[in-house]
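Working through the structure, step by step
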Amino acid sequence: MAAVTEQEQQSGHNPGSPVFKQATESAAFIRSKLPRVLHTPRVAIVCGSGLGGIASTINQDVSVEIAYSGIPNFPKTTVQGHAGKLVAAFMGDSKVPVLLLVGRAHFYEGHAMEMVSFATRVCKVMGVETMLMTNAAGGLNPDYRVGDIVVLNDHLNLAGLVGFHPLRGPNAEDFGVRFPPLSDAYDLGLRQKAYQVWQQIKPSGSGRRVHEGVYAFVAGPTYETRAECRLLHTLGADVVGMSTVPEIVVARHCGMKILAFSLVTNQAVLQPVPRGDDAALSSMTPAELEAYLSKGKANHEEVLEAGQEAAVDMQNLVKQIVSTL
């Protein structure tokens, strides 16, 4: 599907599905707020939990911010660490026109799946060719450490497999086919480029590593139990989180290329829950027992803190990749 032009919008060319009409209305509103040089962005970047600082990598000479709350049809985000704004600007030395989605809507907030992925459809209508996704995720792979970056190459759509799927319902023919394949969802050329760029910019002595792995999408908002973590790891997942996959499914339905990163912000607990009849625990004080049971427990504040610590490297990586597109 080609980008909808301003002339088509002005002439009333608004064919097809309801979601296409809504996305076209949203795109027209966004364009009305932008200088003409930013009307057709080539790349969209979704900034996940604690990663809103990616917006600081734009060229400041020409940029526009629009709150999600002011865009027609856009879902509202309510999560700490998600600013809830769209930023249009140029990025990198080659001045690539980009859209930054600083914060995202989540299924666990009560949004329907088609609304969780709605901004992705708006990006397509505006002419975006490549979506770059970022998120904060729990590390299931024992080799991963907090602060590591994972280039995603596949996913497990747990919510989608049981019926909560962003393409459920009548197919939006304006965007793509009824049964889109996902075996090539994560673009190989972009993944290769990510590694090449990391080798060029990798900070000496930082210890931060880049891996490649599988993302498990769960509905949330609770963090996973120990048994669930072991299940997901056994199924082949390296990281787990509550976002990104619905957007990726819709982006591929729209024919866009995808590059996605997870920042490991906590290590999932894979060890079984201590048994109530474990004699070794009976000699512990309440404080010692609490510390023992809390080991590895995830919380949102730690997720945001880890994101801040790794933000500079992630921002630089994203900026340099976009500069090559």
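Scoring rules and cut-offs
- Here the residue numbers are simple positions, counted from 1 along each chain's written sequence.
- Note on the predicted model: pLDDT of at least 70 is required for a residue's local features to be given, and 80 or more for side-chain atom pairs to be given and counted; whole-chain, interface and lining totals, by contrast, use all residues.
- Each side-chain value is derived from all of the structure's non-hydrogen atoms; neither hydrogens nor water enter the calculation.
- UniProt positions are given in the numbering used here, feature names are shortened, and annotations may be inferred rather than shown by experiment.
- The numbering of helices and of strands both runs from the N terminus, where a helix is a DSSP run of H or I of at least 4 residues and a strand a run of E of at least 2.
- Think of it in three bands: with a 1.4 Å probe and only protein chains considered, a residue is buried below 20% of the maximum accessible area for its type, exposed above 50%, and partly exposed in between.
- By the criterion applied in these results, polar contacts are pairs of N or O atoms within 3.5 Å in which, for protein atoms, one can donate a hydrogen and the other can accept it, and in which residues neighboring in sequence qualify only through two side-chain atoms.
- Paired strands, in this sense, are two strands between which DSSP finds at least two bridges.
- Given a helix with a known number of residues, its expected span is that number minus one, times 1.5 Å.
- By arc we mean the arc of the directions from the helix axis to the C-beta atoms, nothing more.

An unreviewed UniProt entry lists the chain under the name Purine nucleoside phosphorylase, with Neodothiora populina given as the organism. Per UniProt, the chain has the following entry under Pathway (unreviewed entry): "Purine metabolism; purine nucleoside salvage." Under the UniProt heading Sequence similarities (unreviewed entry), the note attached to the chain is "Belongs to the PNP/MTAP phosphorylase family."

Attention now goes to the overall build of the chain. Looking only at helices and strands, the chain has 11 helices and 9 strands in total. Out of the 325 residues in the chain, the part that is buried amounts to 52%.

Another aspect to go through is the environment of Lys124. Here Lys124 is to be found in helix α4 (residues 118–125). Its relative accessible area of 11% is what places Lys124 among the buried residues. Separated by 51 residues in the primary sequence, Lys124 and Phe175 place their C-alpha atoms 8.4 Å from one another. A polar contact is formed between the side chain of Lys124 and the backbone oxygen of Cys254, at a distance of 3.2 Å.

It is worth spelling out the pairing of strand β1 (residues 43–47) at this point. Most of β1 sits out of view: 5 of its 5 residues are buried. The alternating pattern of β1 places Val43, Ile45 and Cys47 on one face and Ala44 and Val46 on the opposite face, and all of these are buried. Examined bridge by bridge, β1 and strand β4 (residues 96–102) share 5 bridges and lie parallel to one another. Along β4, the bridge assignment pairs Val46 with Leu101. Taken together, the 4 bridges between β1 and strand β5 (residues 130–139) define a ladder with parallel strand orientation. Following the sheet pairing, Ala44 is matched in β5 by Met131.

Here we take up helix α2 (residues 18–32). Its 15 residues place the ends of α2 21 Å apart at the C-alpha level, agreeing with the 21 Å of an ideal helix rising 1.5 Å per residue. Buried residues of α2: Val19, Phe20, Ala23, Thr24, Ser26, Ala27, Ile30 and Arg31, and no others. For α2, the arc enclosing every buried residue in end-on projection is 165 degrees, short of the 170-degree limit, so these residues lie on one face. The exposed set on the far side of α2, more than 90 degrees from its buried face, consists of Pro18 and Ser32.

Attention now goes to the pairing of β4. Every other side chain in a regular strand lies on the same face of the sheet, so the side chains alternate between the two faces. Burial of β4 is extensive: 7 of the 7 residues sit out of reach of the surface. Side-chain alternation along β4 places Val96, Val98, Leu100 and Val102 on one buried face and Pro97, Leu99 and Leu101 on a second face that is also buried. Here strand β3 (residues 85–91) pairs with β4 via 7 bridges, running antiparallel. Directly across from Leu86, in β4, lies its bridge partner Leu101. Connecting β3 to the next strand, β4, in antiparallel fashion are 4 residues, including Gly92 with a positive phi near 85 degrees.

Along the chain, Gly220 connects to Pro221 via a cis peptide bond; the corresponding omega equals 5 degrees. Topologically, Pro221 is positioned in the loop between β7 (210–217) and α7 (226–234). Non-glycine residue Asn73 carries a positive phi angle of around 75 degrees. Assignment of secondary structure puts Asn73 in the loop between β2 (58–67) and β3. One non-glycine residue, Thr244, adopts positive backbone phi at about 75 degrees. You can see Thr244 is positioned in the loop between β8 (239–241) and α8 (245–253).

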